[in-house]
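# Architecture and fold: a report
Next come the chains, spelled out residue by residue.
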Amino acid sequence: MSATSTYIHSFLPEALHPFVSLSYPVAPIQTPLTKLRLHPARKRDPTAQQLYGQGPKDVYFVVFCALAFTLLREICLRYVLSAFARRWLLRARRREQAAKDETSRRPMTKLEKRKMEHTVTRFAEQGWSFLYCTTYWLLGGYILSRIPAPFSPESIWATYPNTHLPPLTKFYYLSQLGWWFHQLYVINTEKRRNDHWQMFGHHILTIVLITGSYIAHFTRIGTILHFLMDLCDIFLPVSVGRAQQRSCPDTQLAKMLRYLSLTTLCDLTFVVFLVAWLFSRQIGLALVIRTCYHDAPRFIPFKWDPSQGMYLTQGTYYGFISLIVVLFVLASIWFYMACSVAVRVIRGLGAEDSRSDDEGDEEGEKDVLDQVPESASASVTGQNGAAVRRRRK
């Protein structure tokens, strides 16, 4: 047990320990060479890695992570991200007034205040997802970097079953599961969009994949899937409510930059997003499906033996592959929609978010992005955009 866990346990009753720390520690692995170096008076090598098994108590840690993400989200949105965006927009407004040689500051109208607060909320929602996805993509990359040849079939399948996990891997897996339960809460508490049920189905599919791969000890391929999916989610929100993701015309990071009027960076981010999606989700997921279908049976016998951690049968084999194929189909649909938006922008037709709220917002909130300057690269669409707005009126 780590020093941090011991310190935390000293302040909490024993019944709460599974909520705040990993359960099922096992004896650290010591190689024969390590044992030869041990002094007889020492019980174990402090450099030996502590490993953890799996069991029902892991549910408590997942619940704690889901609640912790909910609390952290509220704190970040209210006291960090919203405050930053509000200050930035107010400064931009003052610079705009100075450029127009306004001698006195004109107070904001009620409509302008409502628009700004709506923009601040959207920026904060995007920012929260950006922080989470960036952190966990880097964490997943670090975990994979500690595995020799992590993407080789031998590394993925020949080590099965991975019944004992390093602490960082177990924390990564369980906290990811907690994140998606947190997402279910958020998607059902914020204002619904037209794609609510598609996103709800996506979240359920992700939870089933994470839970199934964890119980069946397929954590190597599961970590790779997390790593591939999280890359695009840095640019495109997995988060929810009024800032949902996949078919949105702007990526998560791009929207944040657009809200702050950093339009050139916004355009570059959208290009990076499309390239990242192509390699990580279209090509990456296709390679994952291939290795699951072709390589898994080469290294793992079809055998159901929970006592040895063996859960690969014909049913679990085809079931797991089918779930990943469904994920790949969803990713392909969303990629097609994103490419359609890019084509519309290049052709000067503008980009509209087809996933608008189910119920129309108030007049001042119908199109918050109208108050944000369009990018220089899309300036050729100015007249088209004006015509579109006139037709809307």
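What counts and what doesn't
- Residues numbered from 1 in each chain as written.
- Predicted model: local features only at pLDDT ≥ 70, side-chain atom pairs only at ≥ 80, totals over all residues.
- Heavy atoms only, no water.
- Helix = DSSP H or I, 4+ residues; strand = E, 2+ residues; numbered from the N terminus.
- Buried < 20%, exposed > 50% of the residue type's maximum accessible area, 1.4 Å probe, protein only.
- Contact = heavy atoms within 4.5 Å.
- Areas by Shrake-Rupley, 256 points an atom, 1.4 Å probe, with all protein chains shown as cover.
- Patch = residues over 30% accessible without salt bridge, like charges linked within 9 Å, V, L, I, M, F, W, Y side chains within 5 Å.
- Salt bridge = Lys/Arg side-chain N within 4 Å of Asp/Glu carboxyl O.
- Lys, Arg positive; Asp, Glu negative; His and termini not counted.
- Charge placed at Lys NZ, Arg CZ, Asp CG, Glu CD.
- Core = buried A, V, L, I, M, F, W, Y, C linked by side-chain atoms within 4.5 Å.
- Phe/Tyr/Trp six-rings, centres within 6.5 Å; stacked < 30°, edge-to-face > 60°.
- Lys NZ or Arg CZ within 6 Å of the ring centre and 35° of its normal.
- Expected span 1.5 Å × (residues − 1).
- Bend = angle between axes of the 7 residues up to and from the residue.
- pLDDT = per-residue confidence, 0-100.
- Axes fitted to C-alpha atoms, helices over the stretch in contact; angles between N-to-C directions.
- Parallel < 35°, antiparallel > 145°, perpendicular 65-115°, else oblique.
- Left-handed = near helix turned anticlockwise from the far one by under 90°.
- Nonpolar A, V, L, I, M, F, W, Y, C, P; charged D, E, K, R; others polar.

A few words on the overall build of the chain. Summing up its helical and strand segments, the chain has 14 helices and four strands in all. Taken over 393 residues, the chain has a buried fraction of 46%. If you take every contact in the chain between residues at least 6 apart in sequence, the share linking residues at least 24 apart comes to 79%. When the accessible surface of the chain is summed, it comes to about 20800 Å², and 64% of that surface belongs to carbon and sulfur atoms.

Glancing now at a nonpolar patch on the surface. A surface patch of nonpolar side chains, amounting to about 540 Å² of accessible area, comprises V271, V275, L278, F279, I283 and L287. With respect to the helices and strands, F279 occurs in helix α11 (residues 263-294).

Here we take up the pattern of salt bridges. Working definition: two side chains of opposite charge can pair if their charged atoms are close together. Enumeration according to the criterion identifies six salt bridges in this entry. As a salt-bridge pair, K303 and D305 come within 4.0 Å of each other at their nearest N and O atoms. A residue is classified by how much of its surface remains accessible, and K303, at 34% relative accessible area, is partly exposed.

Let us now look at the environment of L12. If you trace the backbone, L12 turns up in the loop between α1 (3-9) and α2 (17-20). Ignoring any residue separated from it by four or fewer positions in sequence, one finds L12 in contact with H17 and V20.

With that settled, consider a positive patch on the surface. Together, R87, R91, R94 and R95 give the surface a local cluster of positive charge. If you trace the backbone, R91 turns up in helix α4 (residues 58-99).

Right, let's get into the environment of L228. Mapping L228 onto the fold places it in helix α9 (residues 219-235). Taking the C-alpha atoms as reference points, L228 and S280, 52 residues apart in sequence, are found 5.2 Å from one another. In this view, L228 contacts S280, G284, L285 and V288; residues no more than four positions away in its chain are not counted.

The subject of this paragraph is the nonpolar core. Ranked by internal contacts, the top residues of the largest apolar core, which has 72 residues, are W157, F218, I221, V288, C292 and I324. Per-element accounting of this core gives the leading share, eleven residues, to helix α13 (residues 314-346). Leaving out residues up to four positions away in the same chain, F218 has contacts with W157, Y160, Y173, S213, I300 and L312. Counting residues in each nonpolar core, the second largest holds six residues, with A85, L89, M116 and F123 among its members.

It is generally the case that most residues other than glycine have a negative phi and that most peptide bonds are trans. A cis amide bond links Y160 to the next residue, P161, at an omega of 0°. Phi angles above zero are rare outside glycine, and Y24 is one such case at about 65°. Among the structural elements, Y24 can be located in the loop between α2 and β1 (25-26). Y24 gets classed as partly exposed once you look at its relative accessible area, which sits at 28%. One non-glycine residue, A149, adopts positive backbone phi at about 45°. For A149, a relative accessible area of 48% puts it in the partly exposed group.

Take the packing of aromatic side chains next. Under the criterion given, the structure shown has 24 aromatic pairs. Ring geometry for F61 versus F64: centroids 6.4 Å apart, planes at 40°, classification tilted. Separated by three residues within a single helix, F61 and F64 lie in helix α4, roughly one turn from each other. Among the residues examined, F64 registers a relative accessible area of 35% and is labelled partly exposed. Ring pairs connect the aromatic residues F69, W128, Y132, Y136, Y172 and W179, which therefore count as one cluster. Over the aromatic face of W277 sits the side chain of R281, whose NZ or CZ is 4.6 Å from the ring centroid.

This paragraph deals with the environment of V120. Mapped onto the elements of the fold, V120 is located in helix α5 (residues 110-145). By relative accessible area, V120 is classed as buried at 1%. Setting aside residues no more than four positions away along its own chain, V120 makes contact with S82, A85, R86 and L89.

This part takes up α4. Compared with the 62 Å implied by 1.5 Å per residue over 42 residues, the 58 Å span of α4 between its first and last C-alpha is a close match. At L77, α4 shows its strongest bend, of approximately 45°.

Per-residue pLDDT for the chain has a mean of 78; in total, 71% of the residues score no lower than 70. Low pLDDT (under 50) marks residues 237-250, which in the prediction has 75 contacts with non-local residues, meaning those over four places away or in another chain.

For any two helices packed against each other, one specifies the inter-axial angle together with the distance between the axes. Remark: α5 packs on helix α7 (residues 167-189), axes separated minimally by 11 Å, with the N-to-C direction vectors making an angle of 155°. Taken together, α5 and α7 sit at an angle that is classed as roughly antiparallel. For the pair α5 and α7, the sense of crossing is left-handed. Taking contact as the criterion, the partners of W128, Y132, Y136, L139, G140, Y142 and I143 in α5 are, on α7, L168, T169, F171, Y172, S175, Q176, W179 and H182. Looking at the contact of α5 with α7 residue by residue, the class counts come to ten nonpolar, five polar and no charged.

Glancing now at the packing of α5 against α9. Put simply, α5 and α9 touch, their axes get as near as 8 Å, and they point 145° apart. Every pair of crossing elements has a handedness; the one defined by α5 and α9 is left-handed. Of the residues in α9, those in contact with F130, C133, T134, Y136, W137, G140, G141, I143 and L144 of α5 are T223, I224, F227, D230, L231, D233 and I234. The residue makeup of the contact of α5 with α9, split by class, is ten nonpolar, four polar and two charged.

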